[in-house]
Amino acid sequence: MVSRRKRKVPAHKGKCSLRSGGWILLGVFCGLVLVLALFFSSRGGRPPFDEARSFEHILHQCSFGPRIPGTKAHRDCLEYITKELGRYATQITHHNFIHMSYALNKEVTGTNIWARLKGSQAKESILLCAHWDSRPFADRDPSPANRGKGVPGANDGASGVALLLEVARILGCKPPTREVHIILFDMEDMGDLPPNALHKDPFCIGSTRFVQDNPDFRPSWGILVDMVGKRGLRIKKEAISVSWAPHLVHRIWTIALKKGSTVFSEEVGQPIFDDHVPFLQRGIPVVNLIDMDYPYWHTAEDTPDKCSPKSLREVAEVILEVIYGP
Ligand SMILES: [Zn+2]
């Protein structure tokens, strides 16, 4: 019986089935390698953007409280961001400046955080930027009792920083050909907004001072991210960027379209005076990626629960494609 059964199953068949099992395993392995290779090559060999890790940076910044110049929360956050960027930057500098604030009724020290990340070739230098301060007063809050309080700034402030901290990690892991400067500006959000004429501070104090104090800093182009964390994010083409940096707007939106992004809208939005303007005035094309359609803007409700990790990733993946692209 045993020998007959053996005869029924030719010896080579057993070997063959073993061999085909091996081939299947090898095939699966090769397929996996191919998928991984395609996965990484489609990203220029860089690791993917970790949206959860990025979102953590929003939570961490907000845990300090509103990052208002002259407060402990501001100092603690400065230390945190500097430490995080320091992991990946080849050089990190604090650009300090003093401002007499009408809103705070005192002289305060502002700090722009400037990180340089070396490129693999000396191709060109580019700028990525956001603001890291939070507005000292929630002057658009529906409740008058909240209007004197600082804005938590989860979306307005922390989201741009959170996105760029995770981008810095990727750039550190796999340097692009370009040199990247990441600058996080202070005192963007202290300005006066009509009709609530409360004081006489301008907006974008940190970026204005940075451009004044660093006349030789001339990156080829740049991207500003501000309020990019909102759930259901939709970024229209900001009107000042469209007028002053049309080619870069076109480049960003072409990539977004190619990637099938649902976040980037073809519509042209309102002009927004933001940290890109001092650079544009110097002739450096910087595009502002911003979604102003945010009901919690400048209110006490600008908290992390209004933000989404997915929004950060969708914007960042387009920015990374621009940086690593030709
Ligand atoms: Zn703001």
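As shown above, the structure is provided for reference.
What comes next is a walk through the structure. (Residues numbered from 1 in each chain as written. Predicted model: local features only at pLDDT ≥ 70, side-chain atom pairs only at ≥ 80, totals over all residues.)

1. Description of the overall build of the protein chain
Worth spelling out the cut-off: A run of H or I in DSSP counts as a helix once it spans at least four residues, and a run of E counts as a strand once it spans at least two, with each numbered from the N terminus. Field definition: a residue is buried when 20 or more other C-beta atoms are found within 10 Å of its C-beta, exposed when 12 or fewer are, and partly exposed for counts in between, with C-beta atoms placed from the backbone. Residue pairs qualify as contacts under a 7 Å threshold applied to their C-beta atoms, which are placed from the backbone.
Assigned secondary structure in the protein chain consists of ten helices and eight strands. Residues counted as buried form 41% of the 326 residues belonging to the protein chain. At a minimum sequence separation of 6, the contacts of the protein chain that also span at least 24 residues come to 81%.

2. Observations concerning the nonpolar core
Put simply, the test is: To form a nonpolar core, buried Ala, Val, Leu, Ile, Met, Phe, Trp, Tyr and Cys residues must be joined through C-beta atoms within 7 Å.
Core analysis: the biggest nonpolar cluster contains 64 residues, and L164, V167, A168, I182, L184 and V315 have the highest contact counts within it. In terms of residues, this core owes the most to one element, helix α5 (residues 154-173), which gives eleven residues. When sequence neighbours within four positions are dropped, the list of residues in contact with A168 reads L85, Y88, A89, A115, L117 and I182. Counting residues in each nonpolar core, the second largest holds six residues, with M190, F203, C204 and I205 among its members.

3. What about the sheet that holds strand β3 (residues 125-131)?
What counts, and what does not: When DSSP finds at least two bridges between two strands, those strands are taken to pair. The axes are straight lines fitted to the C-alpha atoms, using for helices just the contacting stretch, and the angles between their N-to-C directions are given from 0 to 180°.
Pairing is mixed across the open sheet formed by six strands, whose spatial order is β1-β2-β4-β3-β5-β8. The open sheet has two free edges, formed respectively by β1 (91-101) and β8 (286-290), since each of these has just one partner strand. Shown here is a sheet whose adjacent strand axes are inclined to one another by a mean of 20 degrees, direction ignored. Pairing geometry for β1 and strand β2 (residues 106-117), over eleven bridges, is antiparallel. Directly across from H99, in β2, lies its bridge partner V108.

4. Points about helix α8 (residues 246-258)
Quick reminder of the rule: An expected span of 1.5 Å times one less than the residue number is assigned to each helix. As used here, the arc is the angular range of directions from the helix axis to the C-beta atoms.
If you check α8, its first and last C-alpha atoms are 18 Å apart, about what 13 residues at 1.5 Å a residue would give, namely 18 Å. Looking at α8, one finds that the buried residues are V249, I252 and A256. Projected down its long axis, α8 shows its buried positions confined to an angular sector of 70 degrees, all on one face. Opposite its buried face, α8 presents the exposed residues H247, L257 and K258, each directed more than 90 degrees away. Against β6 (235-237), α7 (239-244), β7 (264-268), β8 and α10 (309-324) lie the buried residues of α8. Once α8 finishes, G260 follows within two positions and takes phi at roughly 70 degrees, a positive value.

5. Some details on the packing of α8 against α10
For any two helices packed against each other, one specifies the crossing angle of their axes together with the interaxial distance. Which entries qualify depends on this criterion: Working definition: roughly parallel below 35 degrees, roughly antiparallel above 145 degrees, roughly perpendicular at 65 to 115 degrees, and oblique for all remaining angles. Note: crossing handedness is left-handed where the near helix turns anticlockwise from the far helix by less than a right angle, and right-handed where it turns clockwise.
Contact pair α8 / α10: the axes reach a minimum separation of 9 Å and the direction vectors enclose 120 degrees. Relative to α10, the element α8 is oriented oblique. Two packed elements cross with a definite hand, and for α8 against α10 that hand is right-handed. Residues R251, I252, I255 and A256 of α8 touch α10, and the partners they reach there are V318, E321 and V322.

Spatial relationships are all this shows, so hold off on functional conclusions.
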